[in-house]
Amino acid sequence: MSNMLKQEEMETLRELIKDVDTAMLTTVTEEGLVSRPMKTQEIEFDGDLWFFTKKATNKYEEILHDQDVNVTYAGKSYVSVRGRAEIVEDLDKKKELWSKANEKIMQTSYDDSNVILIKVKAEAAEYWETGNFTKKIAFFYKRMTGQSSKSTEINETVELNK
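Parameters and conventions
Residues numbered from 1 in each chain as written. Predicted model: local features only at pLDDT ≥ 70, side-chain atom pairs only at ≥ 80, totals over all residues. Heavy atoms only, no water. pLDDT = per-residue confidence, 0-100. Contact = heavy atoms within 4.5 Å. Helix = DSSP H or I, 4+ residues; strand = E, 2+ residues; numbered from the N terminus. Phe/Tyr/Trp six-rings, centres within 6.5 Å; stacked < 30°, edge-to-face > 60°. Buried < 20%, exposed > 50% of the residue type's maximum accessible area, 1.4 Å probe, protein only. Lys NZ or Arg CZ within 6 Å of the ring centre and 35° of its normal.

Q: Please explain the confidence of the model for the protein chain as it appears in this structure.
A: The predicted coordinates of low-pLDDT regions are not to be read in fine detail. Confidence in the prediction of the protein chain, expressed as mean pLDDT, is 81, and 77% of residues score 70 or more. Residue range residues 132-147 is modelled with pLDDT below 50. Its contacts to residues more than four positions away, or to other chains, number 37 contacts. Ignoring residues within four places in sequence, the model shows residues 151-156, a span with pLDDT below 50, making eleven contacts including any to other chains.

Q: Looking at this structure, I do not really get unusual backbone geometry. What am I missing?
A: Note: most residues except glycine have negative phi, and most peptide bonds are trans. With phi around 55°, Gln107 is a residue other than glycine that occupies positive phi space. Its location among the elements puts Gln107 in the loop between helix H4 (100-106) and strand E6 (115-130).

Q: Quick question: what am I supposed to make of the packing of aromatic side chains here?
A: Aromatic ring pairs are described here by two measures, namely the spacing of the ring centres and the angle between the planes. Overall, the coordinates contain two aromatic pairs when judged by the stated rule. A centroid spacing of 4.9 Å and a plane angle of 90° characterise the contact between Phe52 and Trp98, whose relative ring orientation is edge-to-face. Separated by 46 residues along the polypeptide, Phe52 in strand E3 (residues 48-54) and Trp98 in the loop between helix H3 (91-97) and H4 bring together distant segments of the chain. Owing to a relative accessible area of 8%, Phe52 belongs among the buried residues under this scheme. Directly above the ring of Trp50 sits Lys93, whose terminal nitrogen or CZ lies 4.7 Å from the centroid.

In structure tokens, the structure reads:
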């Protein structure tokens, strides 16, 4: 896979999600799937999505048990990102991403040992970009894997494995 194509795909996804403040994070529980709203941390999308949370939450336990997650964004376009989540407790990374808004929402500071980051490493993404009158559906999977990007199929994914 060409780095140029990969960079182009990252740029497309970056543009689609950059103005959407809230994402829905879906985790796996013993009972099935559960989704909840999360604020994406303002950082240049490079294939990783970042979220703050606390250890004393169900999502923390769910990610420890099963790292498969999905993150969706709805704004001018619709984006669904499949990936693997990991818990990050790095104090420097927390400080880098911390904001006054996080302090107000979480009622604490970044150096609280209960505050953690969820890092979602994107593996694939699917998106629907709205156009003038009709919905334009764009996928780059075939082009990224060296196949013809022209397809009559309506549903494909962008594979983002590094």
